[in-house]
Amino acid sequence: MVRFSLFLMLLASPALGQPLGDGHLNIIARSAAESARIAQVVAPTNDFSKPEHFEDKPAGAATVRARGNADAFSQLSGNMPFAREMDFKLGNALFRKSWVASPSSTLASDGLGPLYNARACQDCHLKDGRGHTPAGPDDKSVSMFLRLSIPATAASTEIEIEDWIATVDEPRYGGQLQDFATPGQTAEAQMKITYSDLPVTLADGSVITLRAPRYSLADLGYGPLHPDTMLSPRVAPQMIGLGLLEAIPAADILARSDPKDADGDGISGRPAIVPSAEFGVPMLGRFGYKGGAATVKDQSAAAFLGDMGLSSPLHPLPWGDCTDFQADCRNAPHGQEPDNRDGLEVDMQSLDLVTFYARNLAVPARRDIADPQVLRGKEVFYTLNCIACHTPKHVTNRLQNQPEQSFQLIWPYTDLLLHDMGEGLADNRPEGRATGREWKTPPLWGIGLTEQVSNHSEFLHDGRARSLLEAILWHGGEAQAARDGVIVLDTKDRAALITFLESL
């Protein structure tokens, strides 16, 4: 095995195709003058009397008009050439397609499972928005699942990336709990959630009651869990702007990394570094709550595998996440057709189309950016140093063959780095380089449209927060100072902060 030195990886030149460069993109290099201009453009503002130039277009030219219905996240990039729109529509059809169990007369749609969490991508990402927690004991947990793993020694894995925390999938149940099964198969288990109240008193005397979740499993179908099993919940995230996040230069993200907190500001973001199934080398992890996927295609193929049990060129085994303990699952009929393109349930053409669709779901335009309360809330956000992690602006690489993402000034409000978020949000389950207390900063664009699109206002990785204020109050660790700053805000400034976030 090759030892990848973190130091060398951080210094790797994209032009040389090194692991943490931008080898997944066809880049036109920036000139020195261009880089200097970009540095000025993305510098944080200190003028909150008026909106910044282009602030109403969070995705640059790819931004679309903010619709007032549930389709606000389901539009194609605003700058997409007409000739490419058919690929988006075909990808949308595949994203919405419901898969069925094998054998079936519908050969183009069979291969589901045998164990699975959803039958279609849109079942988790309804209207391309956020998933939700179960509404009650009789509500199935579609759009939410549990990841599973156990500790391992470095010698038991093939990954050797500096600071990598060795884990392996739970031996009986694999890396993800599947709570559905095709006919004749047994579902793995059912996720159970109980909540306890955690009141927080604000400086103005108002009390916000947080709900602290506890997770357990019922109806285990394949025997007991390993005694060292670590569980971590995941709610499906919104889908907008993924291609633009993928196009941010790796060098710009790495430049914000400060693992030793050398500047003493209490913020020590670290890059997620993960093996890319698409490219076969370690790359910067940009997607997933802990940065577990390097590219949109990596993330899409992993979802086909874990969520629906479908094989693809990146994960060709036909039985999905089934383990050696699940012999009936491994021996069940599958949808791989030897005479059908590359013989996989999701062939390369289909994976490419779904990736293109996911890459080009557009970010809606900002609303009310000149409203005095929004501007005051923005000032509060900056003053509390929320921008230390939720970096407002980036400029994407200039790209060949990707006009939608090429050289756009975007406002995602994320640094795409891992941060210690404290014990309250800790899942105590490492993932790659991310510890059990670390999470990747999520983008905030579109967050104010969550209820409109998804018919709920649940936030964070497990949906425990029922409002933006609850989500803030769960922040700890590196974000503790900002969270404490929100607690002592007067009522007017706290309302302004929330209004600003709702405008994103």
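Residues numbered from 1 in each chain as written. Predicted model: local features only at pLDDT ≥ 70, side-chain atom pairs only at ≥ 80, totals over all residues. Heavy atoms only, no water.

Peer 1: Can you break down the overall build of the protein chain residue by residue, with the values?
Peer 2: When helices and strands are counted, the protein chain shows 14 helices and 15 strands. Dimensions of the protein chain along its principal axes, counting C-alpha atoms only, are 65 × 50 × 50 Å. Counting over 504 residues, the protein chain shows a buried share of 55%. Within the protein chain, counting contacts between residues at least 6 apart in sequence, those at least 24 apart form 71% of the total. (Helix = DSSP H or I, 4+ residues; strand = E, 2+ residues; numbered from the N terminus. Buried < 20%, exposed > 50% of the residue type's maximum accessible area, 1.4 Å probe, protein only. Contact = heavy atoms within 4.5 Å.)

Peer 1: Outline the packing of aromatic side chains, listing residues and values.
Peer 2: A complete count under the given rule lists nine aromatic pairs for this structure. Their ring planes at 75° and their centres at 5.2 Å tell us that Phe 48 and Tyr 382 sit as a pair that is edge-to-face. Placement of Phe 48 in the loop between α2 (32–42) and α3 (85–96) and of Tyr 382 in helix α10 (residues 372–383) is noted, with a sequence separation of 334 residues between them. Taking relative accessible area as the criterion, Tyr 382 reaches 8% and is therefore assigned buried. For the ring pair Tyr 413 and Phe 500, a centre distance of 6.1 Å and an interplane angle of 75° mean the geometry is edge-to-face. Of this pair, Tyr 413 sits in the loop between β13 (409–410) and β14 (418–420) while Phe 500 sits in helix α14 (residues 491–502), and the two are 87 residues apart along the sequence. Grouping residues by exposure puts Tyr 413 and Phe 500 together as buried. Through successive ring pairs, a cluster of aromatic residues spans Phe 48, Phe 381, Tyr 382, Tyr 413 and Phe 500. (Phe/Tyr/Trp six-rings, centres within 6.5 Å; stacked < 30°, edge-to-face > 60°.)

Peer 1: Please give an account of helix α13 (residues 480–487) that cites residues and values.
Peer 2: The complete set of buried residues in α13 reads Ala 482, Arg 483, Gly 485, Val 486 and Ile 487. Residues of α13 that are buried sit in contact with β6 (190–201), α12 (468–473) and α14.

Peer 1: An account of the state of the cysteines is requested, with residue identities and associated values reported.
Peer 2: In total, this model carries one disulfide according to the counting rule given. Here Cys 322 connects covalently by a disulfide to Cys 329, the sulfurs 1.6 Å from one another. Taken as a pair, Cys 322 and Cys 329 share a single burial class, namely buried. The thiol sulfur of Cys 121 is not disulfide-bonded, and the nearest other cysteine sulfur, from Cys 124, lies at 8.3 Å. (Disulfide = S-S within 2.5 Å.)

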